[in-house]
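Summary of structural features
Here's the letter readout for the chains.
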Amino acid sequence: MSTHPSAPSPLRVALLGGGTVGGAVARALLGRADHYAQRAGRPVQLLGVAVRDTGRPREGIPTTLLTDDPRALAEGADVVVEVMGGSEPAGELIEAALRRGAQVVTANKQLVARRGEELHALAAEHGAGLHYEAAVMAAVPVMAVVRESLAGDEVTRIRGIVNGSTNYVLDLVGREGVPFADAVRQAGELGYLEADPTEDLQGLDAAAKIAILARTAWGVPAPLEEVEVTGIADLTDADFADAARQGGVLKLVASAERDTDGRVRASVRPLILPAEDPLAQARGGTNVVELEAALAGPVRLVGAGAGGDQTASAVLGDVVRAGLAAARR
Ligand code: NAP
Ligand code: HSE
């Protein structure tokens, strides 16, 4: 009698959130199952998608997969993908998943910026995994570069445009003369804005991202409340006119470096950049970051900083990474 190796058990994925990002993740997992099975080394099974309103149809997602009980959904998963946003219940769901040794993927930059150290400690204690490439600069794989590719070097400065919606707004207002409120509305229609758009417009979203980058680059605390933040909400026509008169471009610039005591100094503020500055050339929802490294010199990364499919790209990369990590346990 011949024996057959048993088929690998599927990687069970619970998707908490089926909005702009979650919808794109679900459609990719369902539509390209063979691709993810090949990358993860076993079939990837989408257990369900947690949403608030299960009665609303979701493009490309069978209604049988929808649930309004994220806790029950997460309990049976090897990988819990949190794309709900907000502090709760996202925080307690992530915590519960880490406590039972699951792999967690999240795009929740506010949560990671505020509770990252605590959640990493919890993951280490329980042999779990915490992945959040999508939390910073969406499709641009900056976390992997800072955490892994530049691990043998020393990042000395980070400077970038790390918020897609405000870059879109500044671009439309500054280059095309679109009224500010119209540009904000369009950014919302494209899925670029947070559920609370003041997080974008007041610079808090960019502050969370630069804090996460700084902590990852330097392995020291980078408290969100210590980031100096000025957003774009109070910019006036005169500010845009001023930039045009100088031949420059208004951009929301996030930056971080360390002072002589090793403490992180980080800020987010609108600046008029010379037109030839690489940051000035970011159009629409594009993000760009310049990492200055001791050996490498400047390393620049550019790409889509917001949007459903674009963010799903980073989430799904983490799902594959999480699946491989789960298999090693
Ligand atoms: P979204 O469109 O508002 O989607 C949120 C989803 O979570 C919705 O499906 C919502 O259900 C569900 N949800 C919220 N609270 C819930 C609860 N208590 N129980 C069950 N379901 C709940 O938001 P998004 O734009 O996809 O963003 C999600 C996360 O990704 C946020 O942390 C955001 O910062 C991050 N992110 C977004 C982008 C982007 O470009 N949009 C980029 C990078 C990172 P309903 O649909 O029924 O309301
Ligand atoms: N609201 C965020 C932005 C989404 O505009 O950049 C991507 O993190």
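Residues numbered from 1 in each chain as written. Chains lettered and ligands numbered in written order. Predicted model: local features only at pLDDT ≥ 70, side-chain atom pairs only at ≥ 80, totals over all residues. Heavy atoms only, no water.

Approximately 1200 Å³ is the volume attributed to the largest pocket. At four residues, the largest contribution of residues to the lining of the largest pocket is made by helix α5 (residues 109–126). Its residues assigned to classes, the lining of the largest pocket shows 18 nonpolar, 17 polar and 14 charged. Of the domains in this structure, domain 1 (11–138 + 309–328) and domain 2 (142–306) are the two that each give at least three residues to the lining of the largest pocket. Reported here for the second largest pocket is a volume of approximately 230 Å³. What lines the second largest pocket is a set of 16 residues, among which Gly174, Arg175, Gly248, Val249 and Leu250 lie closest to the centre. Secondary structure elements with two or more residues in the lining of the second largest pocket: α7 (164–176), α11 (237–245) and β9 (248–258). Classifying every residue of the lining of the second largest pocket gives nine nonpolar, three polar and four charged. (1 Å grid on protein atoms, 1.4 Å probe; cavity = no way out; pocket = protein on both sides within 12 Å on 5 of 7 lines; lining within 4 Å. Points joined across faces, edges and corners; volume = space filled by probe spheres on them. Helix = DSSP H or I, 4+ residues; strand = E, 2+ residues; numbered from the N terminus. Nonpolar A, V, L, I, M, F, W, Y, C, P; charged D, E, K, R; others polar. Domains from an automatic or database assignment.)

Residues in close proximity to ligand 2 include Lys109, Asn163, Gly164, Ser165, Tyr192, Leu193, Glu194, Asp200, Asp205, Lys209, Gly305 and Ala306, which together make up its full environment. Between ligand 2 and the protein, one listed contact pairs an oxygen atom with a side-chain N or O atom of Asn163 at 3.4 Å. Separating an oxygen atom of ligand 2 from a side-chain N or O atom of Ser165 is a distance of 2.7 Å. Considered on its own, ligand 2 offers 250 Å² of accessible surface; in the complex 94% of this is hidden by protein. Mapped by element, the contributors of at least two residues to the shell around ligand 2 are α7 and α10 (204–218). Each residue belonging to the shell around ligand 2 can be placed in one class, and the counts come to three nonpolar, four polar and five charged. (Near = heavy atom within 4 Å. Polar contact = N/O pair within 3.5 Å; in protein donor to acceptor, adjacent residues only side chain to side chain. Areas by Shrake-Rupley, 256 points an atom, 1.4 Å probe, with all protein chains shown as cover.)

A separate point is the site of ligand 1. Around ligand 1, the surrounding shell holds 24 residues, and the nearest of these are Val21, Asp53, Arg58, Glu194 and Gly307. Between ligand 1 and the protein, one listed contact pairs an oxygen atom with a backbone N or O atom of Gly18 at 2.9 Å. Take Gly307: an N or O atom from its main chain is 2.7 Å from an oxygen atom of ligand 1. When ligand 1 is considered free in solution it has 910 Å² of accessible area, and contact with the protein chains removes 85% of it. Counting atoms within 2 Å of the grid points, the majority share of ligand 1 lands in the largest pocket. Tallied by class, the residues present in the shell around ligand 1 amount to nine nonpolar, nine polar and six charged. Taken together, domain 1 (11–138 + 309–328) and domain 2 (142–306) each give at least three residues to the shell around ligand 1, which thus spans both. (Sits in = over half its atoms within 2 Å of the grid points.)

A few words on the sheet that holds strand β11 (residues 286–293). Across the sheet, six strands lie side by side as β8-β10-β9-β7-β11-β12; this open sheet has mixed pairing. The open sheet has two edge strands, β8 (228–229) and β12 (297–304), and neither has a second partner. By the bridge criterion, 11 bridges tie β9 to strand β10 (residues 264–274) in an arrangement that is antiparallel. From the neighbouring strand, Ala256 faces β10, where its bridge partner is Ala266. Sheet contacts for α7: β7 (155–161), β9 and β11; angle to β9, the most-contacted strand, approximately 150°. (Pairing = 2+ DSSP bridges. Contact = heavy atoms within 4.5 Å. Axes fitted to C-alpha atoms, helices over the stretch in contact; angles between N-to-C directions.)

Treat this as a map of the structure, not an account of what it does.
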